[in-house]
Amino acid sequence: MSLPGLVSYGIFTFLGAYNALLWPLIVTQSPEMRTVQLGLLAFVSEAGSDYGALMAASAFVIAPWSWATSWPSGSSSRGSPARG
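Here the structure is a predicted model, which means the values were calculated and not measured. (Residues numbered from 1 in each chain as written. Predicted model: local features only at pLDDT ≥ 70, side-chain atom pairs only at ≥ 80, totals over all residues. Heavy atoms only, no water.)

1. Quick word on the overall build of the protein chain
So the rule is basically this: Numbered from the N terminus, helices here are DSSP runs of H or I no shorter than four residues, and strands are runs of E no shorter than two. Each accessible area is a Shrake-Rupley estimate made with a 1.4 Å probe; only the visible protein chains count as cover when residues are assessed.
Looking only at helices and strands, the protein chain has four helices and zero strands in total. Along the protein chain, helices (α) and strands (β) appear in the sequence α-α-α-α when read from the amino end. A total of about 7,100 Å² of accessible surface is found on the protein chain, and carbon and sulfur atoms cover 71% of it.

2. Observations regarding the confidence of the model for the protein chain
Put simply, the rule is: The quantity known as pLDDT measures the predictor's confidence residue by residue, on a range of 0 to 100.
Counting all residues, the mean pLDDT for the protein chain is 79, and 83% of those residues have values of 70 or more. Mean pLDDT across the elements of the protein chain ranges from a minimum in helix H4 (residues 51-78), with 77, to a maximum in helix H1 (residues 3-18), with 86.

3. A closer look at a nonpolar patch on the surface
The condition that has to hold: To count toward a patch, a residue needs a relative accessible area above 30% and no salt bridge. Like charges then connect within 9 Å, nonpolar side chains (Val, Leu, Ile, Met, Phe, Trp, Tyr) within 5 Å. Each reported salt bridge corresponds to a side-chain nitrogen of Lys or Arg within 4 Å of a carboxyl oxygen of Asp or Glu.
A cluster of nonpolar side chains, contributed by Leu22, Trp23, Ile26 and Val27, occupies part of the molecular surface with about 470 Å² of accessible area. Relative to the assigned elements, Leu22 resides in helix H2 (residues 22-27).

4. Some thoughts on the side chain of Thr28
Selection rule: Partly exposed residues are those whose accessible area sits between 20% and 50% of the maximum for their type, while under 20% is buried and over 50% is exposed, using a 1.4 Å probe and protein chains only. Two N or O atoms form a polar contact when they lie within 3.5 Å of each other; inside protein one atom must be a possible hydrogen donor and the other a possible acceptor, and for residues adjacent in sequence the pair counts only when both atoms belong to side chains. Residue contacts follow a heavy-atom distance rule, with two residues in contact if any of their heavy atoms lie within 4.5 Å.
Tracing the chain through its elements places Thr28 in the loop between H2 and helix H3 (36-47). Judged by its relative accessible area of 15%, Thr28 falls in the buried class. At 2.6 Å, the side chain of Thr28 forms a polar contact with the backbone oxygen of Pro24. Side-chain polar atoms of Thr28 contact the side chain of Arg34, separated by 3.3 Å. Once residues within four sequence positions are removed from consideration, Thr28 is found in contact with Met33 and Arg34.

5. Points about H3
Where we set the bar: Each residue after the first adds 1.5 Å to the expected span of a helix.
For H3, built from 12 residues, the straight-helix expectation of 16 Å at 1.5 Å per residue is met to within 8% by its first-to-last C-alpha distance of 16 Å. Looking at the residues trailing H3, positive phi occurs at Gly48, about 70°.

Take a look at the structure:
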(Lines give C-alpha, C1' and ligand atoms only; values in the text may rest on other atoms or scores of the structure.)
Protein backbone atom coordinates (compact mmCIF):
# COMPACT_ATOMS: atom_id res chain seq x y z
CA MET A 1 0.00 0.00 0.00
CA SER A 2 2.86 2.38 0.62
CA LEU A 3 4.72 1.35 -2.53
CA PRO A 4 3.38 4.21 -4.73
CA GLY A 5 4.40 6.75 -2.10
CA LEU A 6 7.87 5.27 -1.83
CA VAL A 7 8.25 5.19 -5.60
CA SER A 8 7.18 8.84 -5.83
CA TYR A 9 9.61 9.78 -3.08
CA GLY A 10 12.40 7.93 -4.88
CA ILE A 11 11.64 9.63 -8.19
CA PHE A 12 11.57 13.12 -6.70
CA THR A 13 14.74 12.46 -4.71
CA PHE A 14 16.49 11.23 -7.84
CA LEU A 15 15.34 14.24 -9.85
CA GLY A 16 16.53 16.61 -7.14
CA ALA A 17 19.97 15.03 -7.15
CA TYR A 18 20.00 14.81 -10.95
CA ASN A 19 19.18 18.46 -11.43
CA ALA A 20 21.66 19.75 -8.89
CA LEU A 21 24.28 21.89 -10.56
CA LEU A 22 26.16 23.45 -7.69
CA TRP A 23 27.20 20.34 -5.76
CA PRO A 24 28.81 18.49 -8.73
CA LEU A 25 30.55 21.70 -9.72
CA ILE A 26 32.06 22.01 -6.25
CA VAL A 27 32.99 18.34 -5.83
CA THR A 28 34.49 17.52 -9.23
CA GLN A 29 37.94 18.68 -10.19
CA SER A 30 38.24 17.49 -13.78
CA PRO A 31 35.79 18.11 -16.65
CA GLU A 32 35.68 14.35 -17.38
CA MET A 33 34.00 13.64 -14.04
CA ARG A 34 31.27 16.28 -14.27
CA THR A 35 27.58 15.50 -14.69
CA VAL A 36 25.54 15.77 -17.87
CA GLN A 37 23.93 19.03 -16.74
CA LEU A 38 27.31 20.65 -16.31
CA GLY A 39 28.30 19.35 -19.73
CA LEU A 40 25.22 20.99 -21.27
CA LEU A 41 26.00 24.20 -19.43
CA ALA A 42 29.53 24.18 -20.87
CA PHE A 43 28.13 23.34 -24.30
CA VAL A 44 25.72 26.29 -24.12
CA SER A 45 28.54 28.65 -23.25
CA GLU A 46 30.63 27.35 -26.18
CA ALA A 47 27.90 26.95 -28.81
CA GLY A 48 26.30 30.32 -28.22
CA SER A 49 23.32 30.74 -30.52
CA ASP A 50 23.72 27.52 -32.54
CA TYR A 51 20.22 26.28 -31.71
CA GLY A 52 20.44 23.16 -33.86
CA ALA A 53 23.44 21.88 -31.93
CA LEU A 54 21.82 22.82 -28.61
CA MET A 55 18.64 20.91 -29.47
CA ALA A 56 20.66 17.88 -30.60
CA ALA A 57 22.64 17.87 -27.36
CA SER A 58 19.46 18.26 -25.29
CA ALA A 59 17.75 15.42 -27.14
CA PHE A 60 20.81 13.24 -26.64
CA VAL A 61 20.64 13.88 -22.89
CA ILE A 62 16.87 13.46 -22.54
CA ALA A 63 16.53 10.30 -24.68
CA PRO A 64 17.68 7.72 -22.06
CA TRP A 65 15.57 9.28 -19.32
CA SER A 66 12.44 9.43 -21.48
CA TRP A 67 12.95 5.81 -22.56
CA ALA A 68 13.37 4.70 -18.94
CA THR A 69 10.16 6.41 -17.87
CA SER A 70 8.06 5.22 -20.80
CA TRP A 71 9.26 1.61 -20.77
CA PRO A 72 7.41 0.42 -17.62
CA SER A 73 4.12 2.06 -18.62
CA GLY A 74 3.60 -0.32 -21.54
CA SER A 75 3.91 -3.46 -19.43
CA SER A 76 1.69 -2.20 -16.61
CA SER A 77 -1.16 -1.16 -18.90
CA ARG A 78 -1.48 -4.69 -20.31
CA GLY A 79 -2.13 -6.12 -16.85
CA SER A 80 -4.93 -3.75 -15.91
CA PRO A 81 -8.51 -4.94 -16.20
CA ALA A 82 -10.55 -3.76 -19.17
CA ARG A 83 -13.12 -1.06 -18.61
CA GLY A 84 -16.52 -1.88 -19.81
